[in-house]
Amino acid sequence: MRVPVVELVGQPGETRELTRAVPPDAFGEDPWGPTITAVHGRVELALHLDSVVEGILVRGTIGYEIELACARCLTAKHEHVQCQVAELFVDPLKREEGEEDDPGYELLDDNTAIDLSTLARDSLLIDLPVRVLCSEDCLGLCERCGADRNVADCGHRPGQEPDPRWAKLTELDLPIE
Ligand SMILES: [Zn+2]
Ligand SMILES: [Zn+2]
């Protein structure tokens, strides 16, 4: 999502508010990584764009309605996430030697625009837990029959011997799809 900043660049002290609700695809095609099943509704930006000597400082919050899958039972879980952001977008030509190159945080088009896509994606992923559970005591899916053990007790217990009727199957060398 590109934002023009032509009136801010080179004017340290100038500031502009960016308050907007935008559809998730404004940040590119599927930019949310494997943890997130979907981003619903609108992404809410409440940002300040401050002109500083080095470039444009973007601060504020970004709010998301996200859908995640439980790591154990795969049930969809909806969450509202509010992320704090503070990132400096710099002139790529003024970058000091040895500084880490991150094209996601550079001024674009002759220093007239910034792109918030990397910021939106990174701020969300940094705040996410590595493993999401629908509840702390989620029982997960049965390893043998796939039943959701939160919903019904299929009678299988972890660690049991596999059903002898299926034992032959494990010897087959099936192609992995
Ligand atoms: Zn679960
Ligand atoms: Zn089972």
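Residues numbered from 1 in each chain as written. Chains lettered and ligands numbered in written order. Predicted model: local features only at pLDDT ≥ 70, side-chain atom pairs only at ≥ 80, totals over all residues. Heavy atoms only, no water.

**A few points about the nonpolar core**
Working step 1: Ranked by size, the top nonpolar core spans 33 residues in total, and within it L45, L49 and L116 carry the most contacts.
Working step 2: Mapped onto this core, the elements with two or more residues apiece are β2 (15-22), β3 (36-52), β4 (55-69), β5 (76-90) and α1 (117-127).
Working step 3: The contacts of L116, once residues within four sequence positions are left out, are M1, V3, L18, F27, L45, L47, V58 and F89. (Core = buried A, V, L, I, M, F, W, Y, C linked by side-chain atoms within 4.5 Å. Buried < 20%, exposed > 50% of the residue type's maximum accessible area, 1.4 Å probe, protein only. Helix = DSSP H or I, 4+ residues; strand = E, 2+ residues; numbered from the N terminus. Contact = heavy atoms within 4.5 Å.)

**What about the side chain of D50?**
Working step 1: Mapped onto the elements, D50 comes out in strand β3.
Working step 2: Those residues in contact with D50, other than ones at most four positions away along the chain, are E14, T15, G55, I56, L57 and R59.

**Structural notes on the pattern of salt bridges**
Working step 1: In this structure the tally under the stated criterion is five salt bridges.
Working step 2: Between E7 and R16 there is a salt bridge, with its nearest N and O atoms 2.5 Å apart.
Working step 3: We classify E7 as partly exposed; its relative accessible area is 40%.
Working step 4: Given a relative accessible area of 23%, R16 falls into the partly exposed group. (Salt bridge = Lys/Arg side-chain N within 4 Å of Asp/Glu carboxyl O.)

**Observations concerning the pairing of β3**
Sheet faces and side chains relate simply in a regular strand, where the side chains alternate between the two faces.
Working step 1: Bridge count between β2 and β3: eight bridges; the pairing is antiparallel. Each bridged residue has a counterpart across the sheet, and for L18 the counterpart in β3 is L47.
Working step 2: Here β3 pairs with β4 via 13 bridges, running antiparallel. Bridge pairing in β4 links L47 to G60. (Pairing = 2+ DSSP bridges.)

**Remarks on the coordination of the zinc ion (ligand 1)**
Working step 1: The coordination sphere of the zinc ion (ligand 1) contains the protein donors C70 (SG), C73 (SG), C134 (SG) and C138 (SG), at a distance range of 2.3 Å.
Working step 2: Bound by four donor atoms, the zinc ion (ligand 1) shows angles of 105 to 113 degrees at the metal and therefore tetrahedral coordination geometry.
Working step 3: When the donors of the zinc ion (ligand 1) are listed by position in the chain, the intervening gaps give C-x2-C-x60-C-x3-C. On the criterion of sequence distance, the pair formed by C73 in the loop between β4 and β5 and C134 in the loop between α1 and α2 (164-171) is long-range, its members being 61 residues apart.
Working step 4: Look at C73 and you get buried, because its relative accessible area is 6%. (Donors = N, O, S within 2.8 Å, 3.2 Å for Na, K, Ca; no water. Tetrahedral: all angles 85-135°; square planar, octahedral: opposite > 155°, others 65-115°.)

**Some details on the sheet that holds β3**
Working step 1: Reading across from one edge, β2-β3-β4-β5 is the order of the four strands in this open sheet, with antiparallel pairing throughout. Taken across any chain shown, the strands that pair with only one partner, and hence form the sheet edges, are β2 and β5. Between one strand axis and the next, the sheet turns through 10 degrees on average, direction left out of account.
Working step 2: Strand direction decides the pairing type here: β4 and β5, joined by 15 bridges, are antiparallel. Each residue of the ladder has a partner; that of I62, found in β5, is C83.
Working step 3: Packed on one face of the sheet, α1 meets β3, β4 and β5 and runs near 125 degrees to β5. (Axes fitted to C-alpha atoms, helices over the stretch in contact; angles between N-to-C directions.)

**Concerning the coordination of the zinc ion (ligand 2)**
Working step 1: The coordination sphere of the zinc ion (ligand 2) contains the protein donors C142 (SG), C145 (SG), C154 (SG) and H156 (ND1), at a distance range of 1.9 to 2.3 Å.
Working step 2: If you look at the zinc ion (ligand 2), its four donor atoms make angles of 105 to 116 degrees with each other, and the shape they trace is tetrahedral.
Working step 3: The sequence motif formed by the donor residues of the zinc ion (ligand 2) is C-x2-C-x8-C-x1-H.
Working step 4: Residue class for H156 comes out partly exposed when judged on its relative accessible area of 21%.

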